[in-house]
Amino acid sequence: MADSLKDKLDQVLLNVQKPARYIGGELNSVIKDKQDVDIRFAFCFPDTYEVGMSHLGMKILYSLLNDRDDVWCERVFAPWLDFEEQMKKHNIPLYGLESLEPLSEFDIIGFTLQYELSFTNILNMLKLGNVPLLCSERKGLKNLVVAGGPCACNPEPLVDFIDLFMLGEGEEVMHELMDLYKASVKANDTKETFLQKASQIGGVYVPSLYDVTYNEDGTIKEIIAKENAPLPVQKRIIKDFDSVYYPEKFIVPFIGTVHDRAIVEVLRGCIRGCRFCQAGFLYRPFREKNSDTLIKNGKSLCETTGYEEISLSSLSTSDYSQLESLLTEFIDYTNDNQVNLTLPSLRVDNFSEELLEKIASVRKSGLTFAPEAGTQRLRDVINKNVLESDVLNSCTIAFAGGYTSVKLYFMLGLPTETLDDIKGIIELAQKVVNAYYEMENRPKGKGVQVTVSVSTFVPKPFTPFQYEPQDTLEMIDEKQKHLVQSVTSKKINVKYHDSKTSVLEAVFARGDRRLGKVMLKAYQDGCYFDSWDECFHYGKWMKAFEECGIDPAFYANRKRSYEEVLPWSHLDYGVSERFLQNEHQKAVASTTTKNCRLQCSACGANKLLGGACFEY
């Protein structure tokens, strides 16, 4: 089959853009003999090759699985439209890049869920791979469809299509699932028996073992576990993060990807507690790696890939407790080897002259800060714990260091937001412009450019704002217009996106299992690659909602009470509901919470560690 598929590919790949997306064979990709393994695992990323190959989680789990002698893990990406057309024309099924064999040949098909607007790509990839879409249509253990990643925290809209979900961090649970699958195949277990056994593995959620009933008003009445399935299902974490598995090598793509560089993962979790940030709560508790481990990881990756850039990745790298010593030692290595070092996720309240000095010699691109809100009142609502003076000081330090442009990130539609808060975004940007021109030692002959990048707020599960309604489309449009009208300087450039995708994101982020039929209907009508502007069909989505008798506003624009059973109430990500409700009340009162390093806020995540996160 692989040879015949290769022959077909030779004929069609010259008819598509970027053929290198579809051929495999990159440096450090893993080829095994399928006769020598017990499990063939397709790691599917529901977006294009360039997006998927940038994802750190995929790199980690691909290497982790392939380090086992009994598993062969391959990569599968969503084909872009031009190649999909050729696939259909020449009867080419979706296939794994390593073996060039169809998706239907794999034992386990695993998807990573990074973004709600990629959900329909899952359906399209299964369809193109000749794998039945619905769990009920897939009998036996072959083609078991599993998923993990951040969007698995509310997997309910996908339960018609995914057999089981892995909640939390995958490095340990993946091994346990492979061991069970191998034993179940040997024991000739039915799919139902396997799933019942899998539900006993910590962090594994099998939706078919839970019944959901509804009240007359459409809210959930009760979630009932069956067949000894756990309730709640608790996410998995890696307690000893410093010794967690990390790849010694990455696959090096033939073409440029979104993040085409070596990456070391500095820490997991976040100490800050920004109330809008789902990742900040999902990945708790906060854990760091030792700087020696990071340097070892980084050197190994540079030497095995030839990458000339390495990124220190985390939710907030400047909160890493050993950052200065790490940079001091690492920069010696990167300078000696002509490797560029990048630090994403810098905060405005701990950006120092020393830090700028450290990164200035290796960082050539612009600087980005994220105040998130334009006024102090609203920054306190979202618990950003950043003052206007922090923003201005950081920008002044950057300007003094030679930078002449900064990008500021904000959100529109935050809870309690008013038009004055919108105007405050531009007023803050103007103060940054003024700060540049007030500097006596500013670069001569150069102007300043402040880019204001604005996204639409989407309330997410497991955050204090999970109870809040999203602004309607009309409200968002009005606020975007007000934002643009508030600009009075050509030194300020405003960027924002169409908010219709944010509406759909809000629906599926807090949706329940009744949305599966809407998703299937929209997909059948041609909706996929929804996160790509040229492929997004808002009208088709609204038609699908209407034909299924479901109102999207019920999910996006409705306030939830603390007493309501939420679609994810049976899942436990460490932070307690009482903590989220307390944080929500503090948000309404514009009261802040200290970061975890200063004071424990009793969120509950330390129970996953079995002790305190920090010594106070």
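Scroll up to find the structure.
Residues numbered from 1 in each chain as written. Predicted model: local features only at pLDDT ≥ 70, side-chain atom pairs only at ≥ 80, totals over all residues. Heavy atoms only, no water.

**Observations regarding the sheet that holds strand β15 (residues 367-372)**
Strand order in the open sheet formed by four strands is β15-β16-β17-β18, and the pairing between neighbours is parallel. Here the strands that pair on one side only, and so sit at the sheet edges, are β15 and β18 (492-496). For this sheet, the mean angle separating the axes of adjacent strands, direction not counted, is 25 degrees. Across five bridges, the pairing between strand β17 (residues 449-456) and β18 is parallel. Of the residues in β18, the one forming a bridge with Ser453 is Lys495. Sheet contacts for helix α14 (residues 419-437): β15, β16 (405-412), β17 and β18; angle to β16, the most-contacted strand, approximately 170 degrees. (Pairing = 2+ DSSP bridges. Helix = DSSP H or I, 4+ residues; strand = E, 2+ residues; numbered from the N terminus. Axes fitted to C-alpha atoms, helices over the stretch in contact; angles between N-to-C directions. Contact = heavy atoms within 4.5 Å.)

**Things to note about the environment of Phe106**
Looking at where Phe106 falls in the secondary structure, it is placed in the loop between α4 (81-89) and β3 (108-112). Placed 63 residues apart in sequence, Phe106 and Glu169 show a C-alpha to C-alpha distance of 23 Å. If we skip the residues at most four places from it in the chain, Phe106 touches Arg40, Phe41, Ala42, Glu74, Gly96, Ser99, Glu101, Lys142 and Asn143.

**A word on a negative patch on the surface**
Judged by side-chain charge, Glu474, Asp477, Asp498, Asp533 and Glu534 come together as a negatively charged surface patch. Relative to the helices and strands, Asp498 resides in the loop between β18 and α16 (500-509). On the accessibility criterion, Asp498 (49% relative accessible area) is partly exposed. (Patch = residues over 30% accessible without salt bridge, like charges linked within 9 Å, V, L, I, M, F, W, Y side chains within 5 Å. Areas by Shrake-Rupley, 256 points an atom, 1.4 Å probe, with all protein chains shown as cover. Salt bridge = Lys/Arg side-chain N within 4 Å of Asp/Glu carboxyl O. Lys, Arg positive; Asp, Glu negative; His and termini not counted. Charge placed at Lys NZ, Arg CZ, Asp CG, Glu CD. Buried < 20%, exposed > 50% of the residue type's maximum accessible area, 1.4 Å probe, protein only.)

**Some details on the nonpolar core**
Residues Phe41, Phe111, Leu113, Leu164, Phe165, Phe194 and Trp541 are the most contacted members of the largest nonpolar core, which totals 126 residues. In contact with Leu113, not counting residues within four places along its chain, are Phe119, Ile122, Ala147, Gly148, Gly149, Pro150, Cys151, Ala152, Leu158 and Phe165. Among the nonpolar cores identified, the runner-up in size contains 31 residues, and Val266, Val339, Leu341 and Leu343 belong to it. (Core = buried A, V, L, I, M, F, W, Y, C linked by side-chain atoms within 4.5 Å.)

Function-wise, these values are silent; they only describe arrangement.
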